[in-house]
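One-letter residues, chain by chain:
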Amino acid sequence: MGVGAGTFFGSFLRKINVFFRRQGGGNMLIFICFLLLSAGFWYLESLQDEYEIAIVIPVRYRNTPNNVILDDDNPQQLSVRVRDKGTILVNYMWFNSFAPIDVDLKDIVADNRREMLVDRRTIESAVSRQLISSTQLIAIEPQTIDVNFTALMHKDIRVVPVVDLKTLTGFQLSGAITANPAKVDVYGDMATLDSLVTVETEMVELKKADKTVTVSVKLKKIDKVQFATEKVDLTIPVEAFTEKRLAVPVKCSDLPANYILRVFPSSVEVVCNVPLSKYKDLDESDFDIALPFVEYETNRSAGNIPVRLTRQPDLLSPPTINPAAVEFILEQKP
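A few points on the structure.

**A look at the nonpolar core**
Line of reasoning, step 1. Membership of the largest hydrophobic core comes to 27 residues, with the highest contact counts inside it found for Leu78, Val103, Val127, Ile145 and Val147.
Line of reasoning, step 2. The element contributing the most residues to this core is strand S1 (residues 50-62), with five residues.
Line of reasoning, step 3. Counting 23 residues, the second largest nonpolar core, distinct from the first, contains Cys272, Ile289, Val326 and Leu330.

**Structural notes on the environment of Asn67**
Line of reasoning, step 1. Considering the arrangement of structural elements, one finds Asn67 in the loop between S1 and strand S2 (68-70).
Line of reasoning, step 2. Note on Asn67: relative accessible area 28%, which makes it partly exposed.
Line of reasoning, step 3. Distance from Asn67 to Met153, taken between C-alpha atoms, is 6.8 Å for residues 86 residues apart in sequence.

**Here we look at the sheet that holds strand S12 (residues 183-188)**
Line of reasoning, step 1. Taken in spatial order, the four strands of this open sheet run S13-S8-S12-S16, and their pairing is mixed. Lying at the two open borders of the sheet, with one neighbouring strand each, are strand S13 (198-200) and strand S16 (226-227).
Line of reasoning, step 2. Bridge analysis of S12 against S16 gives two bridges, and the strand direction is antiparallel. Each bridged residue has a counterpart across the sheet, and for Val186 the counterpart in S16 is Phe227.

**What about the sheet that holds strand S19 (residues 259-264)?**
Line of reasoning, step 1. Pairing within the open sheet is antiparallel, and its three strands lie in the order S19-S24-S22. Of all strands in the sheet, those bounded by a partner on one side alone are S19 and strand S22 (304-306). Each strand axis lies, on average, 35° off the axis of its neighbour in the sheet, ignoring direction.
Line of reasoning, step 2. With six bridges joining them, S19 and strand S24 (residues 325-332) adopt antiparallel strand pairing. Each bridged residue has a counterpart across the sheet, and for Phe264 the counterpart in S24 is Glu327.

Thresholds applied
Residues numbered from 1 in each chain as written. Predicted model: local features only at pLDDT ≥ 70, side-chain atom pairs only at ≥ 80, totals over all residues. Heavy atoms only, no water. Core = buried A, V, L, I, M, F, W, Y, C linked by side-chain atoms within 4.5 Å. Buried < 20%, exposed > 50% of the residue type's maximum accessible area, 1.4 Å probe, protein only. Helix = DSSP H or I, 4+ residues; strand = E, 2+ residues; numbered from the N terminus. Pairing = 2+ DSSP bridges. Axes fitted to C-alpha atoms, helices over the stretch in contact; angles between N-to-C directions.

The structure is reproduced here in structure tokens:
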């Protein structure tokens with residue numbers, strides 16, 4: 001603002017101040033109302049003129065194939081410059097929400113291409129469909145969309161369920177937690193795939209579980225990796241458990257023919273929790289306590305040996321053995 005304009009503006013304010021002092025403060029409200037009305041009429045009149053503005057329209061990439069990963073430098077929006085009356089442009093700026101420009105990538109890998117081009121005519125057509133007929137399209141930046149991508153390798157990788165399970169009293173996990181599918185097709189570069197052995201699911205939390213449940217859960221995301229399927233179904237078997245007591249004989253797995261082994265007691269009690277559905281099927285034949293001869297030789301002078309299960313069903317909680325050690329006599333045959 002120049003010196004002359006500043007002097008004029010200051011003089012104008014002083015005249016307004018003198019006017020209100022002479023007229024009294026009661027007329028100030030009327031003056032302000034007329035001033036606002038005048039400004040409103042001026043604004044509406046000015047909106048009849050034509051102007052240019054820039055509009056930002058997002059770009060959306062759809063149907064990306066699993067064996068493709070988009071590069072980071074692909075354009076995410078278009079800057080569109082348009083010309084029209086102010087009333088129309090105000091509607092664009094304040095009230096109109098522009099739909100994204102969709103780039104369909106389902107055929108991106110055709111003919112082994114390494115890039116995909118959306119030409120200017122296609123972009124202009126997509127933008128024009130969202131503009132009023134009176135609006136003149138001046139410019140679009142960028143004028144074309146070069147979609148750059150990297151083709152990926154693939155590999156079947158085992159799914160590992162991640163579950164935080166808390167059961168009600170008397171209930172336990174009655175078997176392995178399984179995923180369906182058990183393996184998923186994973187896409188990525190060769191170095192990444194070589195480093196992957198398993199794929200984990202997102203955490204599943206179950207509290208107060210008292211029955212078998214199947215839940216759908218997403219796979220945990222991995223940078224620069226895509227999955228053929230985003231979700232798997234986890235089956236978490238939960239049953240009521242009860243206690244079962246079995247007498248299991250204590251043996252030697254590799255007793256030489258010229259030795260005699262006597263064990264006191266000859267069998268021990270194995271106490272385990274078993275699912276109700278398997279209670280009748282579980283018996284002594286499902287367990288073995290067959291310790292190697294070298295352990296008997298090592299404990300020969302002491303005359304007793306700690307016992308442990310050398311074979312057992314896939315039970316969730318470790319069985320209890322009573323007594324935990326037995327006495328024995330190891331003799332050579334004459």
